[in-house]
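# A look at the structure
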Amino acid sequence: MSKVKTHTGTIIIKDGEKTVKLHETPTTWCVGQRETYRKEDGRRSGAPFTSRRLKLATIKPIEGGTA
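Residues numbered from 1 in each chain as written. Predicted model: local features only at pLDDT ≥ 70, side-chain atom pairs only at ≥ 80, totals over all residues. Heavy atoms only, no water.

So, about the pairing of strand S4 (residues 35-38). The pairing of strand S3 (residues 28-32) with S4 spans four bridges and is antiparallel. What sits directly across from Cys30, in S4, is Thr36. What sits between the antiparallel neighbours S3 and S4 is a turn of two residues. (Pairing = 2+ DSSP bridges. Helix = DSSP H or I, 4+ residues; strand = E, 2+ residues; numbered from the N terminus.)

Have a look at this one:
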């Protein structure tokens, strides 16, 4: 069962930027089951040399969503 997404944010990818929906855990922001980003610096968890980053300043709550 998928988690309810409560926020949106921007991820830097090789082709530019992408806006995604997120939910949070105590230490990470999660896009999907296998795509998570650390809250402390926005780096992708489990993939230390990847260029993907979550721009922490772009994270905003979804309007009208359940939080």
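It is worth spelling out the sheet that holds S3 at this point. Spatial strand order, S4-S3-S2-S1-S5: five strands in an open sheet with antiparallel pairing. Either end of the sheet is taken by a strand with one partner, and the two such strands are S4 and strand S5 (53-61). Along the sheet, successive strands turn relative to each other by an average axial angle of 35°, direction set aside. (Axes fitted to C-alpha atoms, helices over the stretch in contact; angles between N-to-C directions.)

For the rest of this paragraph, the subject is the side chain of Glu35. The topology assignment puts Glu35 in strand S4. At 2.8 Å, the side chain of Glu35 forms a polar contact with the side chain of Arg52. In contact with Glu35, not counting residues within four places along its chain, are Ile11, Trp29, Cys30, Arg44 and Arg52. (Polar contact = N/O pair within 3.5 Å; in protein donor to acceptor, adjacent residues only side chain to side chain. Contact = heavy atoms within 4.5 Å.)

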